[in-house]
Amino acid sequence: MDLQSAKMIGAGLAAIGTGAAAIGVGFVFGSFLQGALRNPAAADGQQGRLFLGFALAELLGLMAFTVALLILFVF
Amino acid sequence: MAGKIDPMHQFTVEPLVPLHIGQYDISLTNSAAWMLAALAVIGVFMWGGLKRQVVPGRWQMAVEGLTGFIDDLVQVNIGPEGKKFTPFVFSLFTFILVANLLGLLPLAIVPGWHPFTPTSHFSITGLLAIMSFGLVLIIGFWRHGFHFFSLFVPHGTPWYMLPLIIPIEIVSFLVRPFSLALRLFVAMMSGHILMEVFGSFIVNGFASGSPVGFGVGAVSFIFIVGVGALELLVCALQAYVFALLTSLYLNDAINLH
């Protein structure tokens with residue numbers, strides 16, 4: 001296998017991580033909805049934590065995307 | 001025009017007004033021009049709302065809604081001592097929000113023009129992150145001196161866990177500016193790449209003339225409408241997340257946990 005094809009396959013493998021982050025973000029919002037529907041009065045006060053959890057979960061997917069871009073365009 | 005898709009072209013920084021002093025290149029680039037445009041939009045928006053009328057009009061309500069939103073954010077996350085950091089968080093939030101939104105303008109229908117998003121470059125978001133991280137360091141050492149280092153020891157940690165906890169806390173503290181900058185930069189860049197790729201699918205699909213190409217173009221067109229709406233959401237969300245994390249980090253520096 002030459003270097004070019006190996007790079008493409010590597011970038012594709014790295015991009016799988018974004019799917020894992022999608023699962024994580026889904027968990028964050030799903031759990032928030034579960035809690036919010038049980039106690040809607042408390043939901044508004046927790047939105048900061050909701051977006052904090054979203055940001056932390058999303059960051060890891062974005063890092064996987066960055067790695068894919070680095071493999072494609074930098075090396 | 002069926003050609004190779006080049007999604008990275010939109011991020012090139014080009015000098016608009018070349019300017020060199022000595023060996024330094026301080027040309028006005030398209031990045032700087034779009035940042036100035038963001039500044040002008042914020043300036044006009046704020047200027048129109050600062051009428052201080054007792055019964056506010058629509059514009060003043062919009063401005064008061066924005067300032068009130070950030071004021072609430074800072075109050076909730078930092079507490080009464082955070083009042084003096086509201087202008088800083090507000091500037092970060094509005095600049096990022098407006099720069100993100102200006103980058104989504106459909107200016108490419110004018111030949112030779114294309115919108116540029118300053119926040120899709122690590123140099124810009126990195127500088128914003130260094131500003132907020134530097135402020136956290138300055139405030140932390142100003143208020144607490146070397147007691148600021150107790151940030152690395154969470155309250156109530158058993159002594160035998162300290163050798164494990166302290167390195168983890170130090171790394172997670174030092175990685176903050178990178179994560180702050182990387183999140184905004186990659187979110188903006190990936191969105192623009194996605195739009196460019198699917199926009200090219202539409203153009204190439206319809207230009208190919210075959211039924212399959214037409215189908216691909218039609219599906220891509222429906223898809224990109226949804227992605228465009230999602231991008232608007234991401235623009236606002238990333239600006240909000242940046243402001244939220246900045247205020248949380250400031251809270252750490254002011255109140256120590």
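Residues numbered from 1 in each chain as written. Chains lettered and ligands numbered in written order. Predicted model: local features only at pLDDT ≥ 70, side-chain atom pairs only at ≥ 80, totals over all residues. Heavy atoms only, no water.

Residue-level account of the overall build of chain B, with values.
Regarding its fold elements, chain B presents seven helices and four strands. Counting from the amino terminus, helix and strand elements in chain B follow one another as β-β-β-β-α-α-α-α-α-α-α. Oriented by its inertia axes, the alpha-carbon framework of chain B measures out at about 70 × 55 × 50 Å. Looking at chain B residue by residue over its 257 residues, the buried ones come to 42%. When contacts within chain B are restricted to residue pairs at least 6 apart in sequence, long-range pairs at least 24 apart make up 66% of them. About 14,300 Å² of surface is accessible on chain B, with carbon and sulfur atoms providing 75% of the total. Averaging the positions of the 9 positive and the 11 negative side-chain charges in chain B gives two centres separated by 10 Å. (Helix = DSSP H or I, 4+ residues; strand = E, 2+ residues; numbered from the N terminus. Buried < 20%, exposed > 50% of the residue type's maximum accessible area, 1.4 Å probe, protein only. Contact = heavy atoms within 4.5 Å. Areas by Shrake-Rupley, 256 points an atom, 1.4 Å probe, with all protein chains shown as cover. Lys, Arg positive; Asp, Glu negative; His and termini not counted. Charge placed at Lys NZ, Arg CZ, Asp CG, Glu CD.)

Mind laying out the overall build of chain A, listing which residues take part and the relevant values?
The number of helices and strands found in chain A is three helices and zero strands. Counting from the amino terminus, chain A carries its helices and strands in the arrangement α-α-α. A compact globule built from 75 residues would reach a C-alpha radius of gyration of about 11 Å, whereas chain A, at 17 Å, exceeds it by more than 25%. Dimensions of chain A along its principal axes, counting C-alpha atoms only, are 60 × 15 × 10 Å. Looking at chain A as a whole, 27% of its 75 residues qualify as buried. Residue pairs at least 24 apart in sequence account for 78% of intrachain contacts in chain A once pairs closer than 6 positions are excluded. Of the roughly 4,800 Å² of accessible surface on chain A, 73% is carried by carbon and sulfur atoms. (Rg over C-alpha atoms; globule rule 2.2 N^0.38 Å.)

How would you sum up the pattern of salt bridges? Please name residues and give values.
Residues and elements named next belong to chain B. This structure, assessed with the given rule, holds three salt bridges over all chains. Across the salt bridge formed by Lys83 and Asp71, the nearest N and O atoms sit 3.4 Å from each other. Of this pair, Lys83 sits in the loop between α2 (58-78) and α3 (86-102) while Asp71 sits in helix α2; the two residues are twelve residues apart in sequence, bridging distant segments of the chain. Here Arg176 makes a salt bridge to Asp252, at a shortest N to O gap of 2.8 Å. Placement of the pair is Arg176 in helix α6 (residues 176-208) and Asp252 in helix α7 (residues 211-255), with a sequence separation of 76 residues. (Salt bridge = Lys/Arg side-chain N within 4 Å of Asp/Glu carboxyl O.)

Tell me what's going on with the interface of chain A and chain B, and back it up with residues and numbers.
By a widespread convention, an interface's size corresponds to the accessible area lost as its parts come together. Counting residues at the interface gives 14 residues for chain A, matched by 16 residues for chain B. For the pair chain A and chain B, the two sides together bury roughly 1,300 Å², of which 85% comes from carbon and sulfur. Broken down residue by residue, the surface that chain A buries against chain B is led by Phe51, Leu59 and Leu62 of chain A, which jointly contribute 32%. In this structure, the connection of chain A to chain B is made through zero salt bridges. Where chain A touches chain B, the interface holds two residue pairs in polar contact (both at pLDDT 80 or more). Counted by class, the side of chain A that touches chain B contains eleven nonpolar, two polar and one charged residues. (Buried area = accessible area lost by both parts, 1.4 Å probe. Polar contact = N/O pair within 3.5 Å; in protein donor to acceptor, adjacent residues only side chain to side chain. Nonpolar A, V, L, I, M, F, W, Y, C, P; charged D, E, K, R; others polar.)

Report on the packing of helix α1 (residues 30-49) of chain B against α3 of chain B, specifying residues and quantitative values.
Residue and element names in this part refer to chain B. It is at 9 Å that the axes of α1 and α3 come closest, and there the two elements cross at 115°. Crossing angle aside, the handedness with which α1 passes α3 is right-handed. Packed against α1, whose contacting residues are Trp34, Met35, Ala37, Ala38, Val41, Ile42 and Met46, the element α3 presents Phe90, Thr94, Phe95, Val98, Ala99 and Leu102 at the interface. (Axes fitted to C-alpha atoms, helices over the stretch in contact; angles between N-to-C directions. Left-handed = near helix turned anticlockwise from the far one by under 90°.)

Explain the packing of aromatic side chains to me, and be specific about the residues and the numbers.
By convention here, two paired aromatic rings are described through the distance between centres and the angle between planes. Residue and element names in this part refer to chain B. Going through the model one piece at a time under the given rule, you end up with 16 aromatic pairs over all chains. Between the aromatic rings of Phe133 and Phe173, the centroid separation amounts to 5.4 Å while the plane-to-plane angle is 50°, which identifies the pairing as tilted. With a gap of 40 residues between them, Phe133 in helix α4 (residues 122-144) and Phe173 in helix α5 (residues 162-174) connect regions that are remote in the sequence. Connected via pairs of aromatic rings, a cluster forms that spans Phe133, Phe141, Phe146, Phe148, Phe149, Phe152 and Phe173. (Phe/Tyr/Trp six-rings, centres within 6.5 Å; stacked < 30°, edge-to-face > 60°.)

I'd like to hear about the environment of Phe90 of chain B, residue by residue, with values.
Residue and element names in this part refer to chain B. Checked against the element boundaries, Phe90 lands in helix α3. You can call Phe90 buried: its relative accessible area is 13%. When the C-alpha atoms of Phe90 and Thr67 are compared, they prove to be 7.2 Å apart, with 23 residues separating the residues in sequence. Setting aside residues no more than four positions away along its own chain, Phe90 makes contact with Met46, Leu66, Thr67 and Ile70.

Residue-level account of the side chain of Ser220 of chain B, with values.
All names here are of chain B. As for its position among the elements, Ser220 is in helix α7. Judged by relative accessible area, Ser220 falls into the buried class, the value being 4%. From its side chain, Ser220 meets the backbone oxygen of Val216 in a polar contact 2.8 Å long. Look past the residues within four positions of Ser220 in its chain and what remains in contact with it is Phe198, Phe201 and Ile202.

Let's hear about the environment of Asp25 of chain B: which residues, and what values?
All names here are of chain B. Along the polypeptide, Asp25 turns up in strand β3 (residues 24-25). You can call Asp25 exposed: its relative accessible area is 51%. Remark: the alpha-carbon pair of Asp25 and Pro15, spanning ten residues in sequence, is separated by 9.6 Å. Once you skip the residues sitting within four places of it in the chain, Asp25 turns out to touch Leu19 and His20. A polar contact of 2.4 Å, which involves the side chain of Asp25, links it to the side chain of Ser27.

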